[in-house]
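Spelled out from the first residue to the last, the chains are:
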Amino acid sequence: MLLHLSIRNYLLVESVELDFAPGLTVLTGETGAGKSILVDALALALGDRAEGGVVRQGAPRAEIAAEFAIDGLPALAAWLDEAGFAPDGDALILRRVIDAGGRSRAFVNGSAAPLAQLKEAADFLLDIHGQHAHHALLRPQAQREVLDAYAGAQPLALTVNAAWHAWQAARQQRLDAETHGQARQIEREGLRLAVEELRALGDDLARWDDIQAEHARLAHVTTLLQGSHALIEGLDDGEAAVAGQLGEMSARLDGMQTVDDSLKEVAALLNSASADLAEAVHALRRYAGNLNPDPERLAELDRRLADMHRLARKHRVQPDALAGLLEQFDMRLAALAAGDDLDALQASEDAALARYQADARQLGALRRKAATGLSKQVTAAMDELALAGGRLDVQLQPTGEPRAHGLEDVGFLVASHPGLPPGPLAKVASGGELSRISLAIQTALSGVAGVPTLIFDEVDVGIGGSVAEAVGRRLAKLGATRQVLVITHLPQVAARGSQHLRVAKQANGGVVSSNIALLDANARVEEIARMLGGMKITATTRQHAAEMLAN
């Protein structure tokens, strides 16, 4: 659950440190005081993208840090270990720093992390239901996603989606083979000719460097022979050869060494040089002996190099890339051959469709089972939320043909009053009813979702009176099993909280800021009284507020 939230220089907030308790926490304040700032700041710590201008005026950066207790969340612990984030006992700290220029950095337990990883961690921790979230329920896709979440079928829904796209790809490959057979035949013939030309070069394709080196040696054999003989002459055979001079110097040094033994190391070096010189002369004689002019071999190499250059120009590659090009052509010919086997392509398409249908039927079974449970649970919650006699029917209709989302469409049909036939959610429910139905659905989902913390941002907008009391009871009931944070304008909801935070706007030296404070018992009475009576608070409203809190 959420333990602590620290906010620095974010929008109107200069500095706030908040500790959170289990159960239902309510957040109240005047309109425009900045109640949603807390939720927005927390969303940033959980990986939401930062918009420009969120840094408090005059400050270099904004910083938000959220600390969560993660004992009892083994899946999150495993994710942290796999992602390489060092654990901090049973706590997890997500931090976000945003500078005045809009650049941001994210941290998980003190280690830098991309926003995507903050969002992944958030999926284990917390759900935020915004004040307009109920409008999303009007979309068929959102209704289907709600049912899949309730059924625990989201991984299978992704599998079905992938299987549908795999089937479509196999189907398109078969259609392409049928439609573009002539073009593929032309391509295949061209590739065959190119492959024959390249294969005619044989092993030369892979010996480009060796052939070039041999050609250069034969083309310059006279020069190489003359140079080798000149070197041998200068090093060993000539009158002033280096070998003879080095021998004389070694003899003189030997005589000096008999007088001064410290020259022993120099003598060793000179002897080593003599040995190296002899080895070099030997190698030169062997090299010169192997140099023989071979006009026929040179002409053969000229022809080979010319052929390789010609094919390289034809295919617009370097000569040393011809071997790789031949491999590519062979692979493409194999692909074309497989693509022309219409029976094999049809079999592949049929297998892909069968895999999709098996997964889709399994998904449909989960959806049908969950539809009954979700309908009953939301209908019961609607009764608690002053929609007695109303009901939600989760309807599954066959799609008629396979779709990426499965073999059935999902629709929410609602009857908001007894005796009325159920109709589409978008056409039947009023704004206030839609808000309450959304709350019923969200609390139903919360019962199956693993996240320990739920935040509702003014989901009770547009209701009041006994309905507000019903909403408060429902949220308090949810708070018995989850940590729940609610931003509300309703005193009936605020009175149900086990913890009460108040947001107030204040001006200091012309600078406006928002302050968030935890209320004690007396301060709660004053805040509930304000919510009941507005600016003018009387003894009667205070008594009413105290009674609401006591009840």
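See the structure above.
Residues numbered from 1 in each chain as written. Predicted model: local features only at pLDDT ≥ 70, side-chain atom pairs only at ≥ 80, totals over all residues. Heavy atoms only, no water.

1. Examining the sheet that holds strand β9 (residues 391-403)
Okay, step 1: Within the open sheet, the three strands sit side by side as β9-β10-β11. Their pairing is antiparallel. In this open sheet, the two edge strands, each paired with only one partner strand, are β9 and β11 (423-424).
Okay, step 2: Bridge count between β9 and strand β10 (residues 406-415): nine bridges; the pairing is antiparallel. Along β10, the bridge assignment pairs Asp 393 with Leu 413.
Okay, step 3: Here helix α5 (residues 140-151) sits on the sheet in contact with β9 and β10, set at roughly 100° to β10.
Okay, step 4: Docked against the sheet, helix α14 (residues 342-384) engages β9 and β10, running at close to 165° with respect to β9. (Pairing = 2+ DSSP bridges. Helix = DSSP H or I, 4+ residues; strand = E, 2+ residues; numbered from the N terminus. Contact = heavy atoms within 4.5 Å. Axes fitted to C-alpha atoms, helices over the stretch in contact; angles between N-to-C directions.)

2. Let's talk about the side chain of Arg 530
Okay, step 1: Within the secondary structure layout, Arg 530 lies in helix α19 (residues 521-533).
Okay, step 2: Residue classification places Arg 530 among the buried residues on the basis of a relative accessible area of 18%.
Okay, step 3: If we skip the residues at most four places from it in the chain, Arg 530 touches Gly 29, Glu 30 and Ile 537. (Buried < 20%, exposed > 50% of the residue type's maximum accessible area, 1.4 Å probe, protein only.)

3. Some words on the nonpolar core
Okay, step 1: Grouped together as the largest cluster of nonpolar side chains are 48 residues, with contacts concentrated most on Leu 374, Phe 412 and Ile 441.
Okay, step 2: Sorting elements by how many residues they give to this core places helix α16 (residues 431-448) first, with seven residues.
Okay, step 3: When residues no more than four places from it in sequence are discounted, the contact partners of Ile 441 are Leu 137, Val 146, Val 378, Leu 392 and Phe 412.
Okay, step 4: Counting residues in hydrophobic clusters, the runner-up holds 47 residues, among them Leu 2, Ala 41, Ala 59 and Phe 68. (Core = buried A, V, L, I, M, F, W, Y, C linked by side-chain atoms within 4.5 Å.)

4. Describing unusual backbone geometry
Okay, step 1: Here Leu 11, not a glycine, exhibits a phi torsion of approximately 50°, which is positive.
Okay, step 2: Positive phi values are uncommon outside glycine, yet Asn 109 reaches one of about 50°.
Okay, step 3: Its location among the elements puts Asn 109 in the loop between β6 (104-108) and β7 (111-113).

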